[in-house]
Amino acid sequence: MSTTSQRIGSLVIQAPALERWVGEYDGKTLLEWLDRELGHREALDGWVPHGSIFSRAVALSPVLHVVSGNTPHAAFQSVFRGLLLGALNRVKLPGAGLPEFEEWVAKLPAGLAPLVEMRRDLPAPWLDCAAAVIFGDQSTIETFRRLLPPGIPRIEHGPKWSIAAVFDPTEEAAERVAEDVLKHEQRGCLSVQAVFVEGEVIRFGHKLAAAMQRFREREGRPIPALSDSGAVFNARELARFRAANGEPLRLWESAGSTAWTVLFDPDPRLAPGPLNGFVTLHPLPEKFGAEALGPEAEFISTAALFPFSPENVEKLAPLAPPRICEAGNAQKPTLLWHHDGEQTLATLVRWRDLG
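Every value quoted in this text rests on a predicted model; they were computed, and no experiment measured them.

### Focus: the packing of aromatic side chains
Thinking step 1. This model, assessed by the stated rule, comprises seven aromatic pairs.
Thinking step 2. Taking 5.3 Å as the distance between ring centres and 85° as the angle between the ring planes, the aromatic pair formed by Phe76 and Phe101 counts as edge-to-face. Placement of Phe76 in helix H4 (residues 73-85) and of Phe101 in helix H5 (residues 99-106) is noted, with a sequence separation of 25 residues between them.
Thinking step 3. Of the residues examined, Phe101 reaches a relative accessible area of 0% and is grouped as buried.
Thinking step 4. Among the aromatic residues, ring-to-ring pairing joins Trp21, Phe76, Phe101 and Trp104 into one connected group.
Thinking step 5. When the ring centre of Trp47 is taken as reference, the NZ or CZ atom of Arg56 above it lies at 5.6 Å.

This is the structure we're talking about:
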């Protein structure tokens, strides 16, 4: 059985391959993470003081990780946490696989390799796990609620999406928001799909459209699936139909492709779009809360702000998103972030007390 120090050493060696997916870290960062969530960096290795008694943490093992195919980030981040704790990690891959994640697992060093198993099917014995971390849409969440035996702890990460709020609609704001929309092809829960603008929204729409064009010219774009392009095309046509019938919409779009789309809609109620670089602009409502934004506000993961200031953070108080960050950083959480507002290490251990 490896010690916490040994696992940290192995993970630090993996940092060049992992930082793209989990964020920057070093050995000090990992020890501080254990201190914050478990109270003591040595809690997994022995008895540590806990008030007038002593306690030790026991990693839940094996952990079943059910990961989605939209981006590899969830797979890397979830298994990273399991490895740090020393759990056996069984990864249920999506049917199409996750090539980047699978290549990394295939090259794991001897100290970590025995702690990761992965399959595209789901062997029945894997359901007899100590905990399950589930990423996916609502149907996936419901399926595993039925499949897993009663009493198995479930950490569920269902469908989420992100927004931006721009209080100073400058060129810099447009550049930062364009990155928050287009990075990773807008496929993750941290991808911005709606932008609320204080001030001249249409003028900002011009700026954002130009910034998104520059991003695509600079970063390129993977060849989209026909279904993805079709979804964007259909959303554009629906917007044109609504505008032709009197709704005050405005549409900016990439010429000859579905590379990016900006839609102005004065209705502040949130409605997820077709992804693939499709973002909706709204005027900033007077009361920036769930009542104005509608029921989809429940599924917000991150709110990116420009400028990022205590005053602007306070303006989002009625919405209470799990994460607030500076625009441009929506898809760059630190390793220590609370995914969906939860502690990510503490949920995967149980405690023993002595005394």
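Anyway, onward from the coordinates.
### Observations concerning the nonpolar core
Thinking step 1. The biggest cluster of nonpolar side chains holds 46 residues, and the ones touching the most others in it are Tyr25, Leu30, Phe80, Leu85, Phe101 and Trp104.
Thinking step 2. For this core, the secondary structure elements donating two or more residues are helix H1 (4-13), helix H2 (15-22), helix H3 (27-38), strand E2 (53-59), H4, H5 and strand E6 (131-135).
Thinking step 3. In terms of residues, this core owes the most to one element, H4, which gives eight residues.
Thinking step 4. The next biggest cluster of nonpolar side chains, apart from the first, holds 30 residues, and it includes Leu182, Trp252, Ala259 and Ala330.

### Section: H5
Thinking step 1. Every buried residue of H5 is listed here: Phe101, Glu102, Trp104 and Val105. Looking straight down H5, one finds that the buried residues subtend no more than 160° of arc, so they occupy a single side.
Thinking step 2. Looking at the buried positions of H5, the neighbouring elements they touch are H2, H4, strand E4 (89-92) and strand E5 (116-119).

### Describing a nonpolar patch on the surface
Thinking step 1. Among the surface-exposed residues, Trp47, Phe54 and Leu354 lie close enough to one another that they form a single nonpolar patch of about 270 Å² accessible area.
Thinking step 2. For Phe54, the position within the fold is in strand E2.
Thinking step 3. Judged by relative accessible area, Phe54 falls into the partly exposed class, the value being 40%.

### What to know about the sheet that holds strand E11 (residues 261-264)
Whether parallel or antiparallel, the strands of a sheet pair through hydrogen bonds between backbone atoms.
Thinking step 1. The strand order across the open sheet formed by seven strands is E10-E11-E12-E9-E8-E13-E14, and the pairing between neighbours is mixed. On the outer flanks of this sheet lie strand E10 (250-253) and strand E14 (323-326), each paired with one strand and no other. Each neighbouring strand pair of the sheet contributes to a mean axis angle of 20°, computed without reference to strand direction.
Thinking step 2. The pairing of strand E8 (residues 161-166) with strand E13 (residues 300-306) spans five bridges and is parallel. Pairing of Trp161 across the sheet is with Ile300, part of E13.
Thinking step 3. Strands E8, strand E9 (192-197), strand E12 (278-283), E13 and E14 of the sheet are contacted by helix H7 (residues 171-182), whose axis makes an angle of about 160° with E13.

### Quick word on the environment of His65
Thinking step 1. By the secondary structure assignment, His65 is in strand E3 (residues 63-66).
Thinking step 2. His65 gets classed as buried once you look at its relative accessible area, which sits at 0%.
Thinking step 3. Through-space distance from the C-alpha of His65 to that of Arg36 is 23 Å; in sequence the pair is 29 residues apart.
Thinking step 4. Residue contacts for His65: discarding those within four places in its chain leaves Ser78, Val79, Asn89, Arg90, Val91, Lys92 and Val133.
Thinking step 5. In this structure the side chain of His65 is engaged in a polar contact, spanning 2.7 Å, whose partner is the side chain of Ser78.
Thinking step 6. Of note is the side chain of His65, whose polar atom sits 2.8 Å from the side chain of Asn89.

Conventions and cut-offs
- Residue numbers run consecutively from 1 along every chain, following the written order of its sequence.
- This being a predicted model, a pLDDT of at least 70 is required before a residue's local features are given, and a value of 80 or more before pairs of side-chain atoms are given or counted; all residues contribute to the totals for chains, interfaces and linings.
- As a convention, hydrogens and water are excluded, and side-chain values are obtained from all of the structure's heavy atoms.
- Any pair of Phe, Tyr and Trp rings, taking the six-membered ring for Trp, is counted once the centres come within 6.5 Å. Such a pair is stacked with planes under 30 degrees apart, edge-to-face with planes over 60 apart, and tilted for the rest.
- To qualify as a helix, a DSSP run of H or I must reach at least 4 residues; to qualify as a strand, a run of E must reach at least 2; elements of each kind are numbered from the N terminus.
- Exposure is judged per residue with a 1.4 Å probe applied to protein chains only, and the accessible area is read against the type maximum: over 50% gives exposed, under 20% gives buried, and values in between give partly exposed.
- Here, over-ring charges are defined by two tests on the NZ atom of lysine or the CZ atom of arginine: distance to the ring centre within 6 Å, and angle to the ring normal within 35 degrees.
- Residues belong to a common nonpolar core when they are buried Ala, Val, Leu, Ile, Met, Phe, Trp, Tyr or Cys residues joined through side-chain atoms within 4.5 Å.
- Regarding the arc, it is the one traced by the directions from the helix axis to the C-beta atoms.
- Contacts were defined at the residue level, with two residues in contact if any of their heavy atoms lie within 4.5 Å.
- Patches draw on residues past 30% relative accessible area with no salt bridge. Two like charges within 9 Å are joined, as are two nonpolar side chains (Val, Leu, Ile, Met, Phe, Trp, Tyr) within 5 Å.
- Where accessible areas are quoted, they stem from the Shrake-Rupley method and a 1.4 Å probe; at the residue level, only the protein chains shown are allowed to cover.
- By convention in these notes, a salt bridge is any Lys or Arg side-chain nitrogen within 4 Å of a carboxyl oxygen on Asp or Glu.
- Only strands joined by at least two bridges in the DSSP assignment are considered to pair.
- Helix axes are fitted only over the stretch in contact, all axes being lines through C-alpha atoms; the angle between N-to-C directions runs from 0 to 180 degrees.
- A 3.5 Å cut-off defines polar contacts: any pair of N or O atoms within that distance qualifies, except that in protein one atom must be a possible hydrogen donor and the other a possible acceptor, and neighbouring residues in sequence count only when both atoms are side-chain atoms.

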